[in-house]
Structures are given as C-alpha cells and as structure tokens.
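Summary of the model geometry
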Amino acid sequence: MSELLEKARSYEKAATEKISNENRPEFHFSNPVGWMNDPNGFSEYKGEHHLFYQYYPYATHWDSMHWGHAKSKDFIRWEYLPAALAPDCAYDSFGVFSGSAMEEAGKQILVYTGVEEKMSEDGKKYVRQHQCMATGDGVNYEKLEKNPVVSADMLPEGSSTEDFRDPKIWKEDGRYYMAVGSRGSDGSGQIALFCADTLHEWNYAGILDCSGNRLGKMWECPDFYPLGDRQVLMISPQEMEAEGLEFHNGNNTAFLIGSYDRENLRFCRERVQSVDYGLDFYAPQTMLTEDGRRVMIGWMQSWDNPMYPDSQPWSGMMTVPRELSLRGGRVYQWPVRELNGCRRNAVAYKGVCVEKEMKLEGIAGRSVDLELRLKGGGYGKCRIRLASDGRRYSEIIYDREEKILTFDRTHSGFAKDTISTRSMYADSQDGVLSLRILIDRYSVEIFANDGAQAMTSLIYTPCNATQITFAGNGQLYMDVTKYDIEVER
Ligand code: FRU
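About the thresholds
- Residues numbered from 1 in each chain as written.
- Predicted model: local features only at pLDDT ≥ 70, side-chain atom pairs only at ≥ 80, totals over all residues.
- Heavy atoms only, no water.
- Pairing = 2+ DSSP bridges.
- Helix = DSSP H or I, 4+ residues; strand = E, 2+ residues; numbered from the N terminus.
- Axes fitted to C-alpha atoms, helices over the stretch in contact; angles between N-to-C directions.
- Buried < 20%, exposed > 50% of the residue type's maximum accessible area, 1.4 Å probe, protein only.
- Near = heavy atom within 4 Å.
- Polar contact = N/O pair within 3.5 Å; in protein donor to acceptor, adjacent residues only side chain to side chain.
- Areas by Shrake-Rupley, 256 points an atom, 1.4 Å probe, with all protein chains shown as cover.
- Nonpolar A, V, L, I, M, F, W, Y, C, P; charged D, E, K, R; others polar.

In this section: the sheet that holds strand β17 (residues 282-288). Note on sheets: strands pair through backbone hydrogen bonds, and any given pair is parallel or antiparallel. Strand order in the open sheet made by the 4 strands is β17-β18-β19-β20, with antiparallel pairing throughout. Looking at strand neighbours, the two that pair on one side only are β17 and β20 (330-335), the edges of this open sheet. The sheet shows a mean angle of 35° between the axes of neighbouring strands, direction not considered. Across 2 bridges, the pairing between strand β18 (residues 294-299) and strand β19 (residues 322-327) is antiparallel. From the neighbouring strand, Met-296 faces β19, where its bridge partner is Arg-322.

Taken in spatial order, the 4 strands of this open sheet run β5-β6-β7-β8, and their pairing is antiparallel. Strands at the two margins of the open sheet, each flanked by one partner only, are β5 (95-104) and β8 (141-143). Strand after strand, the sheet turns through a mean of 30° between neighbouring axes, direction not considered. Pairing of strand β7 (residues 125-136) with β8, which is carried by 3 bridges, proceeds in the antiparallel orientation.

As a further point, take the pairing of strand β9 (residues 164-172). The buried count for β9 comes to 7 of 9 residues, which makes it a mostly enclosed element. Bridging between β9 and strand β10 (residues 175-183) involves 7 bridges; their strand directions are antiparallel. Note that in β10 the partner of Trp-170 across the bridge is Tyr-177. Turn length for the β9-β10 hairpin, with the two strands adjacent in sequence and antiparallel, is 2 residues, and the turn residue Asp-173 shows positive phi of about 45°.

Next up on the list: the site of the ligand. Of all residues adjacent to the ligand, which total 13 residues, the nearest are Asp-38, Gln-54, Asp-166, Glu-220 and Trp-303. A distance of 2.7 Å separates an oxygen atom of the ligand from a polar atom in the side chain of Asp-38. For the ligand, an oxygen atom lies 2.6 Å from a polar atom in the side chain of Asp-166. When isolated, the ligand has an accessible area of 320 Å², and the protein chains bury 95% of it. Listing elements by their share of the shell around the ligand, those giving two or more residues are β1 (35-45), β5, β9 and β13 (219-227). In terms of residue class, the shell around the ligand is built from 6 nonpolar, 3 polar and 4 charged.

Have a look at this one:
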C-alpha cells in the first residue's frame, strides 16, 4: 500500500472515532471526515451494495481527490471501509476523480479518472485526464500496471484533452462498455462510448449524445442504462442556463430519455427531464440490484452554493437511494423500499380542514417520513413549515392555481447569504397533490406525485427545531401520515 493511502486510512480512522453519530444525519450517508463530493462506484459486489465517493479526508474543502468507501446491505445502514484509492501514481497524482465499479470473476473492478498535471516545454502547466483501473477484493485495490487504459487521444479530433472524465463501466452480452464525459470541438459536452473484449484493451466506439451548446458546457458523471422500454443517458452538465423553472443550479442534472440501437451503439434522444429541482443535488449514479431494481444516489450539495457549517468536521451527504421507474415516458424516483423498515410510531389524520396555521398532535420531528395528500378545489396556497422552532423554519408552499411547489429555507437559521428558494411545476392528479417529504437533521427531500418530481435541499437549522405546521387559505383538506425514521445501528 502506498504511503499516501496508508496516511489517509490512519487519519480517517483516528478522526472518525471522535465524531459521534448524534452529529450526523439519521438516515443519510455522510462521509467519515473531511470533504466528500460525487458518489463513485455505486454497485453490487458479493451480494452487498458498495458506495465509493470523492474524498479529501484532511479538510472540509475540495482538494487532492481520493476515493472513500462504504458498504451496506440495505442502502440505509452504511459501514465505513478504509479509503480505497489515493492519488499515488504519476498518472493520477493530481487526483483520483470520479468513476464506477463492477464485479467481474470474483474481483471488484474500479474505473476512475486519473488526473495528471504536466509542464509544457515553455513552462506552462496543463492537465491531462485519462481513464484508469484498479482491481481488488472489496477492501484493498491494486492499480493496473497498464494504466491509463483509455486516453484522450482516442477521442474524435477537436475534443478536449483536459476535460475527459467520470467513466461509467458496464458489461453487456459478454462485452465491456465505458461511457465517459468530455467536450467536443464546439467546446460543449459530449459522452464518448468505448468498448472492449478484455478489460485492458479499449476502443473508441462513438459519441452517444452531445450538448451542441444547448444543454450546458462540460457533461460530467454520465450513466447509461435501460429503464422500462427506453434507455436513459443521465448527465451532470456544468454551466447550464436556467430555462423557466428548470436547471437553476448552474451545475445541473438531466435524464436524457431515448432509444438505444445496441447493434450499432447509437443512442437517440427523445426527451430531456430534470432529475431534481432542489438546491442541493448533483452527480447522481445508479446501480442495478440483484433483485433487478435500478437505484440512484446523488450528492446532496451544490458546487455553486455549498452549504455546511464551518464547525462540522465532515462536509458531505448523499441522498437517500432512490428506485427509478419509467411511467408515461417520465422517470419516477422513489426512496428505496428498505427505508419503510425504519418507519416507527405512525400518526395519521384524514380529511383535516386546514385554515389558519395549525399543528397536529403527534406530527413533528427531525427524522421523519411524511406523506401528504392535499385536496380541495377552493384553496389558493398551502404552506407547510418544518424543522421549525417558531422563529426558524423551512417552508414548502404549494400554489394550487399556478401549480407551483416552492421550497424556501430563507429562515432556516443558516447565518450565511446562501441561495434559499427553488420552485417546480407540480400539477395535482384528479384534484389531489400527493407529497412524500423526508426530513433528516440536515436535509429535506420532497417527492411529488408518487415521485414524478423530486426536490432535494439542505437545511442546517438547530436539531431541536422539530415542529411541523400546516396552513391553507380557502378549503384545503389534507390527509397526513407521519412516521419517525429510526435507524438501529
Ligand atoms: C463532479 C466532478 C467530476 C470530477 C469530480 C472531481 O462533481 O467535477 O467531474 O470527477 O467532481 O472531484
């Protein structure tokens, strides 16, 4: 093991012992210590779910990237494993960037972007990004001698050699495939496909799709998978302009839904759908479970507007893993069913008439799964205040006439001027708007209309702010069920 990796492992071990679980989210994954961004290598290995992540253990800001590592049997309880990769080779000395993993012949294969800083003859620094591999046993990994296995000179002419990263690997009909984000000759995003008969010999196989300067610049963190009768190319475009209520985060995420001609390796995009409308969501990845579910996890933070208290020794969280399905041409997201096993203390009300701001006995908490059905044709707005102590709160506002759902954390108690509201279009179905709201100590995930839309945001309100209140103007009737989420560790 390299000195760099050994150092990271012993540092994280000593540091993690000092951080108590009470200062962590109840049911979201957080990194042991230091900085975390993208999920990496989210996949099954020997019957367990593995999650790697972009990681800098020594400080709560981004720096020289390692891969952190954890595993779980149920997507909710994660066991920290020692850091998996460090930037300890010449070809990845500037960082072990994002990538993916798969199981092959009993081994776990990690594929990542090695970033190298080089110096030109005239003394100018430049960066090269290339795709590298490591194999291991689920804890310890060895990088291939042949690294890098895919380099930017395999891309079509004019493609960027500096922005070429985040390989997603999969196997299909005995062949290996890898989708990698890059920039084409017009400077905007494209996803390049590579294929191989053995894991060490890769060939360029075409461009799956490209931005043409319409959907942002560099396309990061691609994933490519069948869903229902369609194929989804999931991307995280940088520098993307907002359009109406869509794509407000600068760094955004999109499902490109289309068809895939497997014989000729051609993807044909039919629709574009925002993955998440919240303030804090980026770089999602999916995996296929042994029971056939396509499960997605995302980084619960924003590059443009990072939000975490300076006093916290860890900075990152992941969303609750979400099962994906395709209905009516749209991708639906729903918290993994394993979360239902952590529901306790159900409290339910039916047909409550909501007028002035009201509390409901037993409906409160800071680790809560809340199901709501808002009904009635006469009300204008419904307001739900949560994580509230009266003075501080976060608010969900549904404007029934405009059909717009807004999340607002302006008064959530964070003492920095961060961006605080986002809105999305959410029509009611047969006069009912259904919402599922997951509230954890530091986050709120909202699923509207059975998961047709999702909205994920962070809050850092003191954890004793647990009240939930409801208000409506006009005739608003509401069914509500609350469960506490308790994770036995
Ligand atoms: C996305 C990203 C990836 C890159 C990684 C570096 O958030 O920029 O493209 O591999 O983060 O940490």
